[in-house]
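# Geometric and topological summary
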There are 2 protein chains.
Amino acid sequence: MTKKHSSHLTMSDVAKKANVSKSTVSQYLNGRYEFMSKKTRDMIQRVIEETGYSPNVVARSLKVKKTSTIGVIVANILHKFSTEIIRAIEDACMEADVHVIVCNADDDPEKERKYIKALMAKQVDGFIVFPTGDNIDMYELLEERNIPLVFLDRIIPDLAVNTVLLDNFKAVDTAVQVFAQAGHTRIAIVTMPATAYVTPRLERIEGFRISMERYGLEMQENHIIDQPLDRIQQEVTGMMSGPAPPTAVLAGNDLVLLEILNECKNSGRHIPEDFSLISIDDVSYANVYQPSLTTIKQPSAEIGEKGAEVLLQKIRGEINDQQIVRMAPTLIARESVKELIEEN
Amino acid sequence: MTKKHSSHLTMSDVAKKANVSKSTVSQYLNGRYEFMSKKTRDMIQRVIEETGYSPNVVARSLKVKKTSTIGVIVANILHKFSTEIIRAIEDACMEADVHVIVCNADDDPEKERKYIKALMAKQVDGFIVFPTGDNIDMYELLEERNIPLVFLDRIIPDLAVNTVLLDNFKAVDTAVQVFAQAGHTRIAIVTMPATAYVTPRLERIEGFRISMERYGLEMQENHIIDQPLDRIQQEVTGMMSGPAPPTAVLAGNDLVLLEILNECKNSGRHIPEDFSLISIDDVSYANVYQPSLTTIKQPSAEIGEKGAEVLLQKIRGEINDQQIVRMAPTLIARESVKELIEEN
DNA sequence: CTGTTAGCGCATTCAA
DNA sequence: TTGAATGCGCTAACAG
């Protein structure tokens, strides 16, 4: 009757049981043992162990104005890229004893907006977001209120926000180089629509132009396909049956890759006999596919880790810059690129 | 100079600006307009809009003893199964305006334990966990403190906790039935080690025995492989080169499937000529693989949705049972199962 | 219809 | 070395 329900155990209860005052318990909890007798210290510890007391983080947060929680808003949680990054963020944050609230914007600016608002109300200490780009005012609001913010994967122009992303130029360049060295001259790139703010698509296409020129290859405009997923198969079919079709194709991401492979299956095309293929994103089945697929692996874990690191530093007030960090990809050479016999 | 920094805007500030008292603003925010003049109501609304005020959820949580946040602890966030479930949980929770903190236990009981403690301190309203099984005391503690808890994917025996998982028996039975109807009699199953608490593996093997008997097929003990991932390839090779090798193989999950496909590639075996194959888990490349792969798709989204629904109901005190819900899988028939010519 | 009051559980001066 | 007092921002009676 006298014993409170254990879930409502509070600091006062512990203090009472240990015959000390609340503040002493508080000091104990925060490791300020300096001015505390060994005796009271042990006493408090014993009571805490016996009761299984643990301090109420909500109350603490209210007091110290810090929740030790960050919000992560991913564009689409179903992408392996996202989950790998989330995992890395989690790991980094666990080290720092901060929690992560993951929100899935589902590529929907409205959802993103809603989540940013909700997380602000929840007083998160900072944000990591894969920005849709359609909520500039929200991003600005965060900056204005001095809430630390880091963007991942996408750059929002004209906004001075720390950003970590793949070095898309390098990724494309690596692929083009591999193709060029294997003797290919007619190279195509297939991506999803390069709409504003979707940096990876934008940069991969831009990088493609640059790299083609660098390796002295002539680019054909119709060898750049940027279409919605459900149109990619027919576009590829069209390109392949046109004049001077490409002998090498660069798939812009894992989803595009799947469409290309589907097209092959449906049209009876074979890799690498009919065309060589490299994909950005190292898919799980890259090894077992026949032929195994040469890929450009994104450093997802590193991107997540770096992003978390930058955010945590900003939260601690250790940095104050607005760098854009580009992480290098890795080429995983397998069997989907064929050496072309020189025709001279 | 008189204007406070916007991020510190509080209810009192709003009240002051609107010439009303705090409690009136509070009422407004909680939608209790009944006893409020249209005038004050409009006034408050205007001030809120102008200032961009949003209430501090932390303070509110402290007061109402409810955080509108649940904790989700997944065994391993890298599994597609997990991310699909997380996404479904998210969606369901967003509807109910509750937030989700996702933690990745990484199949490590220690991490699981740490997360449960941390989330309890954070006063989450409930838990959804893919239990490792090694923290029974923690699960019991949650029950004891009346913190709503739902298990996903794995059953912890002797613990009366609501659980939602795949109907593993049905999944296996579907596969065996397909094989049997195609004329196969020598069928094998390959899974990861069936250690305690890992319900899917346990039930899939048990179900395999049951189904084989149901379809009048004789089971060979050496046609059950339950080994760590890195041993699966050699075990399969061994089984296939032994006497009376299976003509059909059931892969216990996506990871096992990858190992089996790798084995095929390395040993030059072909599907479905050398053996037929069905996998539990519908992988992204099922269609593009040659031949396309027949799979048993887990209802991940439904499992997540149902789990969230049950938890939210428990939180609201609407239910008080301890059901185990098994969700039915779906057969996706493709080309990796070969009809065997009758040999009579 | 609106304002006053009294905490929620904790951290933090400031005295003792 | 410890304790009493104060307030974080909000809700919820209860008065008015």
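Residues numbered from 1 in each chain as written. Chains lettered and ligands numbered in written order. Predicted model: local features only at pLDDT ≥ 70, side-chain atom pairs only at ≥ 80, totals over all residues. Heavy atoms only, no water.

Near DNA strand C lie 26 residues; those nearest to it are Met11 and Tyr53 of chain A together with Ser21, Lys63 and Lys65 of chain B. Among atoms of DNA strand C positioned within 4 Å of the protein, sugar and phosphate together represent 61%. Residue Ala59 of chain A places a main-chain N or O atom 3.4 Å away from a base nitrogen belonging to DNA strand C. Residue Thr40 of chain B places a side-chain N or O atom 3.1 Å away from a phosphate oxygen belonging to DNA strand C. The set of elements that each furnish at least two residues to the surface near DNA strand C consists of helix H2 (22-29) and helix H4 (57-64) of chain A together with helix H2 (22-29) and helix H4 (57-64) of chain B. The greatest single-element share of the surface near DNA strand C, amounting to four residues, is contributed by H4 of chain A. Split into classes, the residues belonging to the surface near DNA strand C amount to nine nonpolar, 12 polar and five charged. (Near = heavy atom within 4 Å. Polar contact = N/O pair within 3.5 Å; in protein donor to acceptor, adjacent residues only side chain to side chain. Helix = DSSP H or I, 4+ residues; strand = E, 2+ residues; numbered from the N terminus. Nonpolar A, V, L, I, M, F, W, Y, C, P; charged D, E, K, R; others polar.)

In the numbering used here, UniProt assigns the feature "domain: HTH lacI-type" (unreviewed entry) to residues 9-64 of chain A. Strand forms 0% of residues 9-64 of chain A and helix 66%; the C-alpha atoms that close the span are 21 Å apart. (UniProt positions renumbered as here; feature names shortened; annotations may be inferred.)

Put simply, the two copies of the chain differ by a rotation about an axis and a shift along that axis. Superposing chain A onto chain B takes a rotation of 180° combined with a translation of 0.1 Å along the rotation axis, leaving an RMSD of 0.1 Å. The operation mapping one copy onto its partner corresponds to a two-fold rotation axis. Residue Ile101 of chain A, judged by its C-alpha, is the member of chain A lying nearest the rotation axis, at 2.3 Å. Comparing interface residues between copies, 100% of those in chain A also lie at the interface in chain B; the contact surface is shared. (Least-squares fit on C-alpha atoms with pLDDT ≥ 70 in both. Contact = heavy atoms within 4.5 Å.)

The next thing to look at is the packing of aromatic side chains. Residues and elements named next belong to chain A. The tally for this structure, following the rule as stated, stands at five aromatic pairs over all chains. On the numbers, 6.4 Å between centres and 80° between planes, the contact of Phe81 with Phe130 is edge-to-face. Of this pair, Phe81 sits in helix H5 (residues 80-95) while Phe130 sits in the loop between strand E3 (126-129) and helix H7 (136-144), and the two are 49 residues apart along the sequence. As far as burial versus exposure is concerned, Phe81 and Phe130 are alike and both buried. (Phe/Tyr/Trp six-rings, centres within 6.5 Å; stacked < 30°, edge-to-face > 60°. Buried < 20%, exposed > 50% of the residue type's maximum accessible area, 1.4 Å probe, protein only.)

What follows covers unusual backbone geometry. Residues and elements named next belong to chain B. Cis geometry marks the peptide bond from Ile271 to Pro272; its omega dihedral reads 0°. Backbone geometry places Lys65, a non-glycine residue, at a positive phi of 55°. Here Lys65 lies in the loop between H4 and strand E1 (69-74). Positive phi outside glycine occurs at Asp107, with the angle close to 60°. Relative to the assigned elements, Asp107 resides in the loop between strand E2 (99-104) and helix H6 (109-121).

Attention now goes to the sheet that holds strand E6 (residues 187-191) of chain B. Residue and element names in this part refer to chain B. Strand order across the open sheet formed by six strands is E7-E6-E8-E9-E10-E12, with mixed pairing between neighbours. Edge positions in the sheet fall to strand E7 (224-226) and strand E12 (330-332), since each has one partner strand and no second. Pairwise comparison of adjacent strand axes, ignoring direction, gives a mean angle of 15° for this sheet. Note that E6 and E7 share three bridges and pair parallel. The partner of Thr191 across the bridge, within E7, is Asp226. Where helix H11 (residues 254-267) meets the sheet, its contacts fall on E6, strand E8 (248-251) and strand E9 (276-280), and the angle it forms with E9 comes to roughly 155°. (Pairing = 2+ DSSP bridges. Axes fitted to C-alpha atoms, helices over the stretch in contact; angles between N-to-C directions.)

Let's shift gears to the pairing of strand E5 (residues 162-166) of chain A. Residues and elements named next belong to chain A. Within E5, five of the five residues are buried, which leaves it mostly tucked inside the rest of the structure. One ladder, built from three bridges, connects strand E4 (residues 149-152) with E5; its direction is parallel. Pairing of Leu152 across the sheet is with Val164, part of E5.

What follows deals with the interface of chain A and chain B. Each partner contributes residues to the interface: chain A has 58 residues there, and chain B has 58 residues. Counting the surface lost from both chain A and chain B, the interface buries some 5,100 Å², and carbon and sulfur atoms represent 57% of this. Linking chain A with chain B are six salt bridges. Two residues, Lys265 of chain B and Glu335 of chain A, come together in a salt bridge whose shortest N-O distance is 3.7 Å. (Buried area = accessible area lost by both parts, 1.4 Å probe. Salt bridge = Lys/Arg side-chain N within 4 Å of Asp/Glu carboxyl O.)

Take the nonpolar core next. Grouped together as the largest cluster of nonpolar side chains are 91 residues, with contacts concentrated most on Ile70, Ile89 and Leu152 of chain A together with Ile70, Ile89 and Leu152 of chain B. Beyond its immediate sequence surroundings of up to four residues, Leu152 of chain B is in contact with Ile85, Ile89, Ile128, Val129, Phe130, Pro131, Val164, Ile303 and Gly307 of chain B. In terms of nonpolar packing, the next biggest core, distinct from the first, is built from 50 residues, Tyr285 and Val288 of chain A together with Met239 and Leu257 of chain B among them. (Core = buried A, V, L, I, M, F, W, Y, C linked by side-chain atoms within 4.5 Å.)

Residue and element names in this part refer to chain A. Of all the positions in H2, only Thr24, Val25 and Tyr28 are classed as buried. Considered in projection along H2, the buried side chains sweep an arc of 100° and stay on one side of the axis. In this structure, the buried side of H2 is in contact with helix H1 (11-17) and helix H3 (38-51). Downstream of H2 by one or two residues, Gly31 has phi in the positive range, about 70°. (Arc of directions from axis to C-beta.)

The environment of DNA strand D is formed by 26 residues, the closest being Ser21 and Lys65 of chain A together with Met11, Lys22 and Tyr53 of chain B. In DNA strand D, the atoms that sit within 4 Å of the protein are 67% sugar and phosphate, with bases accounting for the remainder. Within the side chain of Lys65 of chain A, one N or O atom sits 2.7 Å away from a phosphate oxygen of DNA strand D. Among the elements of the structure, H2 and H4 of chain A together with H2 and H4 of chain B are those that each provide at least two residues to the surface near DNA strand D. The element best represented in the surface near DNA strand D is H4 of chain B, accounting for four residues.

Below, the discussion takes up the sheet that holds strand E8 (residues 248-251) of chain A. All names here are of chain A. Across the sheet, six strands lie side by side as E7-E6-E8-E9-E10-E12; this open sheet has mixed pairing. Of all the strands in the sheet, the pair left with one neighbour each is strand E7 (224-226) and strand E12 (330-332). Strand-to-strand, the axes of this sheet are offset by a mean angle of 15°, without reference to chain direction. With three bridges connecting them, strand E9 (residues 276-280) and strand E10 (residues 294-297) associate as parallel partners. In the sheet register, Ile278 faces E10, and the bridge partner there is Thr294.

A separate point is the side chain of Asp254 of chain B. All names here are of chain B. Note that Asp254 resides in helix H11. Nearest to the buried, unbridged Asp254 among oppositely charged side chains is Arg204, at 7.5 Å. Filtering out sequence-adjacent residues up to four positions away, Asp254 remains in contact with Ile280, Asp281 and Val283. (Lys, Arg positive; Asp, Glu negative; His and termini not counted.)

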